[in-house]
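Structural description and commentary
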Amino acid sequence: MGRQTPLFRLHQELNARVVDFGGWDMPLQYGSQIGEHHAVRRAAGVFDVSHMCVIDLEGARVRAFLQQLLANDVAKLTSQGKALYSCMLNEAGGVLDDLIAYYLTASCYRLVVNAGTRDKDLAWVREHARDFSVAVTERADLALLAIQGPEARTKAVQLLPAAQADTALALGAFVGRQLGEWFVARTGYTGEDGFEIMMPAAHAVPAWRKLNSLGVASCGLGARDTLRLEAGLNLYGNDMDERTQPFESGLAWTVALEPHTRAFIGRGALEAIARGGSPRKLVGLLLEDRGVLRSHQRVLIPGGGEGEITSGTFSPTLERSIAFARVPAAAAERVQVDIRGKLLNAKVVKPPFVRNGKSLVT
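Residues numbered from 1 in each chain as written. Predicted model: local features only at pLDDT ≥ 70, side-chain atom pairs only at ≥ 80, totals over all residues. Heavy atoms only, no water.

Next up on the list: the overall build of the protein chain. When helices and strands are counted, the protein chain shows 9 helices and 21 strands. For a compact globule of 362 residues, the expected C-alpha radius of gyration is about 21 Å, and the protein chain comes in at 20 Å, within 12% of that figure. In terms of its C-alpha atoms, the protein chain occupies a principal-axis envelope of roughly 60 × 50 × 40 Å. Scored against the burial criterion, the 362 residues of the protein chain give a buried share of 56%. A total accessible area of about 15200 Å² is found for the protein chain, and carbon and sulfur atoms account for 51% of it. Averaging the coordinates of the 41 positive side-chain charges in the protein chain and doing the same for the 38 negative ones gives two points 4 Å apart. (Helix = DSSP H or I, 4+ residues; strand = E, 2+ residues; numbered from the N terminus. Rg over C-alpha atoms; globule rule 2.2 N^0.38 Å. Buried < 20%, exposed > 50% of the residue type's maximum accessible area, 1.4 Å probe, protein only. Areas by Shrake-Rupley, 256 points an atom, 1.4 Å probe, with all protein chains shown as cover. Lys, Arg positive; Asp, Glu negative; His and termini not counted. Charge placed at Lys NZ, Arg CZ, Asp CG, Glu CD.)

What follows is the structure, given as structure tokens:
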């Protein structure tokens, strides 16, 4: 058996199909995976993401520490609760993980990192925090629920007292606020509006049951994956890892090379790549023939060269097969994908494919 979240027994009670995910026993689906996907696009769904690792960082030099640790610059965070998406790199510029950083106070920030990399991440963060006298606290006492969809916020605030509900509804995008014992953030991983709520572990089951009673669908990892791919959001371990760098992973926008004096880990490697140009890039693919795109399928480039699909699926919203693929930088608008020895045509597009329930590609 793997690690289990505070909601594990409830998932079993709800007849979820449980699978191993990064060493955690997690619900893949409760019934129809496509039904769960559509629930999030059309109304609201709730995901157990308590396997993610929440890390609190405290100290007088915590901002300077994060400016060294992360490729994006936390100096951009000037208002309390504002969040920033960033990669954490090794010296070679490889992606150790992608994460969200929240600015809580001048001496306290919060990170949310991936489940499968939590032990490695914690060791890396603690190693580098020592030089800045920053205290690192893993918040294993918290559960994390993601409520996503066009009706998600109005449903989720019914879990809160009236005054706190008004505060939650007033949050801007990518902003979090401590409301009593809960930290409510207007963030997500589906391309829909909603909240991610960190709460004491004992609160998670009652909150989930209440959401179900309000018509919020229980959703598993299967729907989460199709939703995030439609939304053009990377998955660590598929679309980037320690062997790849941000410029070839569609994440150049998360790298802050200015100011030039900020010496973050991996900067030297990325500057060299930026000067010469990344030889590969991550693109979106729309399959034009009949078939399903899957990870590791070969992508053939007209005129020579090839790449590989990093994430692929059938899109329930578009009713077409979509994918991310890492391909040579010179790849243009058309490619072919090798599916079981048959070459099928695909169109290169810029993700996202879907946002707020609307198709963004043709």
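The next thing to look at is the pairing of strand S16 (residues 306–315). Counting buried positions along S16 gives 7 out of 10 residues, so the element sits mostly inside the fold. One ladder, built from 3 bridges, connects strand S15 (residues 298–300) with S16; its direction is antiparallel. When the bridges of S16 are listed, Val299 appears paired with Gly307. Adjacent in sequence and paired antiparallel, S15 and S16 are bridged by 5 residues, among which Gly303 carries a positive phi angle near 90°. Where S16 and strand S17 (residues 320–328) come together, 7 bridges link them in antiparallel fashion. (Pairing = 2+ DSSP bridges.)

Here we come to helix H4 (residues 118–129). For H4, with 12 residues, the first-to-last C-alpha span of 16 Å sits near the 16 Å given by 1.5 Å per residue. All of the buried residues along H4 are Arg118, Asp121, Leu122, Trp124, Val125, His128 and Ala129. Projected down its long axis, H4 shows its buried positions confined to an angular sector of 165°, all on one face. (Expected span 1.5 Å × (residues − 1). Arc of directions from axis to C-beta.)

Adjacent strands of a sheet form backbone hydrogen bonds with each other and so pair up, either parallel or antiparallel. The 6 strands lie next to each other as S14-S17-S16-S15-S18-S19, forming a closed barrel whose pairing is antiparallel. Adjacent strand axes in the sheet meet at a mean angle of 40° when their direction is disregarded. By the bridge criterion, 2 bridges tie S15 to strand S18 (residues 334–339) in an arrangement that is antiparallel. The residue of S18 that forms the bridge with Val299 is Val337. Each of S16 and S17 touches helix H8 (residues 221–230); the most contacted strand, S16, lies at about 120° to it. (Axes fitted to C-alpha atoms, helices over the stretch in contact; angles between N-to-C directions. Contact = heavy atoms within 4.5 Å.)

Going through the model one piece at a time under the given rule, you end up with 6 aromatic pairs. Geometrically, the ring pair formed by Tyr30 and Trp208 is tilted, given 6.3 Å between the ring centres and 45° between the ring planes. Of this pair, Tyr30 sits in the loop between strand S2 (24–29) and helix H2 (33–42) while Trp208 sits in helix H7 (residues 204–213), placing them 178 residues apart in sequence. The exposure class of Tyr30 is buried, given its relative accessible area of 14%. Stacked on the ring of Phe183, the Lys or Arg Arg110 has its end atom at 5.2 Å from the ring centre. Above the ring of Phe47, the side-chain terminus of Arg224 is found at 5.8 Å from the ring centroid. (Phe/Tyr/Trp six-rings, centres within 6.5 Å; stacked < 30°, edge-to-face > 60°. Lys NZ or Arg CZ within 6 Å of the ring centre and 35° of its normal.)

Phe47, Leu89, Tyr102, Val112 and Met198 are the most contacted members of the largest nonpolar core, which totals 32 residues. Looking at this core, the elements that each hand over two or more residues are strand S5 (83–89), strand S6 (95–105), strand S7 (108–113), strand S9 (142–148), strand S11 (182–185) and H8. Residues Ala156, Val157, Leu179 and Ala204 belong to the second largest nonpolar core, which totals 29 residues. (Core = buried A, V, L, I, M, F, W, Y, C linked by side-chain atoms within 4.5 Å.)

Attention shifts here to unusual backbone geometry. Leaving glycine aside, a negative phi is the common case for residues, and trans is the common case for peptide bonds. The residue after Glu258, namely Pro259, is reached through a cis peptide bond having omega 0°. With respect to the element layout, Pro259 can be found in the loop between H8 and helix H9 (267–276). Across the junction of Pro351 and Pro352, the peptide omega takes the value 5°, indicating a cis bond. Inspection of the secondary structure assignment puts Pro352 in the loop between strand S19 (342–349) and strand S20 (354–355). Within the chain, Asn15 stands out as a residue other than glycine whose phi angle is a positive 60°. Along the polypeptide, Asn15 turns up in the loop between helix H1 (8–13) and strand S1 (17–21). For Asn15, a relative accessible area of 62% translates into the label exposed.

Function cannot be read off these values alone, since they describe shape.
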